Amino acid sequence: MARRVLILGAGFGGLEIATLLSEAAPADLEVTLIDKGEGFVFGFSKLDVLFGKASVEQVRIPYADLAKPGVRMVRETITAIDPEARRVSTDGGEFEGDAMVIALGADYDFEATPGLAAGGEEFYSVAGAERAAAAVAAFERGHVLIGVCGAPFKCPPAPSECALLLDDELHARGVREQCRISFVIPFGRPVPPSPETSAALEAEFERRGIELIPGRRVTALDPERSVAVLDDASELGFDLFLGVPKHRAPDVVLASGIAEDGYVPVDPATLRTELPGVYAVGDVATAGVPKAGVFAEGAGRIVAQELLAELLDGESPGRHLGQGTCYIEFGDGRVASVEIDFLSGPERTGIFNAPSEAVAAEKSEFGSSRRARWFGA
Ligand SMILES: Cc1cc2nc3c(=O)[nH]c(=O)nc-3n(C[C@H](O)[C@H](O)[C@H](O)COP(=O)(O)OP(=O)(O)OC[C@H]3O[C@@H](n4cnc5c(N)ncnc54)[C@H](O)[C@@H]3O)c2cc1C
């Protein structure tokens, strides 16, 4: 019986599990939540940092504020995971659980794209978005190339949002006429499960003069020549490169031997790995859904229900992984959404809700409700 639950990573997945276990608060349950960061940052806040709308301090919700009955928050770096023993080592000690949930997210593999670190910026990490913000703010003339270096990547609409918000930013400073924006994406269309969303984004790119290069991936940068090399060996010159680095599970997960092809395989219905008592949720796992916070949270909910059912001799949960709403910044303060459903029918679908004030309000509520639930703020 899982009396001691070890949650590795306090992102969307880990925070949701810790919250649900704390709320149910069965007697004797000990939950340990471990994260190396100072605080939680919503993925979409990185775009606010990139475009100078907020500082890192403003968007980071400190883990010091997390006070959940029955949950011990440990701010340490996990240095080794022994999945069979459900034990981890950190820079501060050792922890063991009856159940262990790996929720460590996806990391970035800069080496996979030669020249990226030296010749380009990235906006997918907090530090990267902060650095790139200075380059964006100073940019006045030339070619900005937004380039995706590998799939899968977090939040498939995010680079499209970056292109539209960049167009806004350059217009606001009166320099758009002197700038070219192009956008390389490995998919055939911007949001593959939703032709309607893709069409709306493509129309918006066309209206704004943003050049979309679909079906291509950036494989390398040549910093000397300021050139990006694509996977068909063609080259594109740039003055500023804003990249989405190739993703993979964090090194500590890869070193544990539990990953296959870069991620942790799980049963998408239960989020169980092959090892007893070991689960993986969110971006670190291969669960057949996009890498997005909303799916990591949904997976966390399933695991929390599983653990509680086991502890309280209750029924196992209904499984809903595969449905979730992603919000998309369309520029000019407009927000659209796409309701992804990978479960209900034979086809993966995505229903598009056009930009509106109501959707913008929904996105804002999405953030503030999580903040309130997870941090009591
Ligand atoms: C620009 C951008 C925009 C996005 N927009 C959206 C959006 O609008 N909607 C949406 O749903 N998703 C969005 N996302 C995606 C979303 O942020 C991620 O999919 C989500 O955070 C994944 O949740 P997770 O719990 O799997 O991992 P994470 O939230 O990444 O959490 C993993 C945690 O593990 C910790 N960790 C990692 N390694 C260690 C270690 N060795 N020791 C200790 N701790 C460790 C990290 O510090 C981190 O806190 C966006 C992402 C980006 C980059």
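How each quantity is defined
- Residues numbered from 1 in each chain as written.
- Predicted model: local features only at pLDDT ≥ 70, side-chain atom pairs only at ≥ 80, totals over all residues.
- Heavy atoms only, no water.
- Near = heavy atom within 4 Å.
- Polar contact = N/O pair within 3.5 Å; in protein donor to acceptor, adjacent residues only side chain to side chain.
- Helix = DSSP H or I, 4+ residues; strand = E, 2+ residues; numbered from the N terminus.
- Salt bridge = Lys/Arg side-chain N within 4 Å of Asp/Glu carboxyl O.
- Buried < 20%, exposed > 50% of the residue type's maximum accessible area, 1.4 Å probe, protein only.
- Pairing = 2+ DSSP bridges.
- Axes fitted to C-alpha atoms, helices over the stretch in contact; angles between N-to-C directions.
- Contact = heavy atoms within 4.5 Å.

A. Inspection of the site of the ligand at higher detail. Taken together, 28 residues form the shell around the ligand, and within it Gly13, Asp35, Ile78, Asp283 and Gly293 come nearest. In the environment of the ligand, an oxygen atom lies 3.2 Å from a nitrogen or oxygen atom belonging to the backbone of Phe12. A distance of 3.1 Å separates a nitrogen atom of the ligand from a polar atom in the backbone of Lys36. Of all elements in the fold, only helix H1 (12–24) and helix H9 (293–311) reach the threshold of two or more residues within the shell around the ligand.

B. Representation of the pattern of salt bridges in the model. With the rule as written, the count across this model stands at 27 salt bridges. Asp82 is the partner of Arg87 in a salt bridge, and the nearest nitrogen-oxygen pair spans 4.0 Å. Residue classification places Arg87 among the partly exposed residues on the basis of a relative accessible area of 32%. A salt bridge links Asp167 to Arg208; the shortest N-O distance between them is 2.7 Å.

C. Just the sheet that holds strand S25 (residues 349–356), in detail. Taken in spatial order, the 3 strands of this open sheet run S23-S24-S25, and their pairing is antiparallel. Of all strands in the sheet, those bounded by a partner on one side alone are strand S23 (323–331) and S25. Put simply, the sheet's adjacent strands are angled 20° from each other on average, direction ignored. Sheet analysis places strand S24 (residues 334–341) next to S25, joined by 6 bridges and oriented antiparallel. If you follow Ser337 over to S25, its bridge partner there is Asn353. Sheet strands in contact with helix H7 (residues 195–208) are S23, S24 and S25, and its direction is about 10° off that of S23.

So yeah, pure geometry; function would need other evidence.
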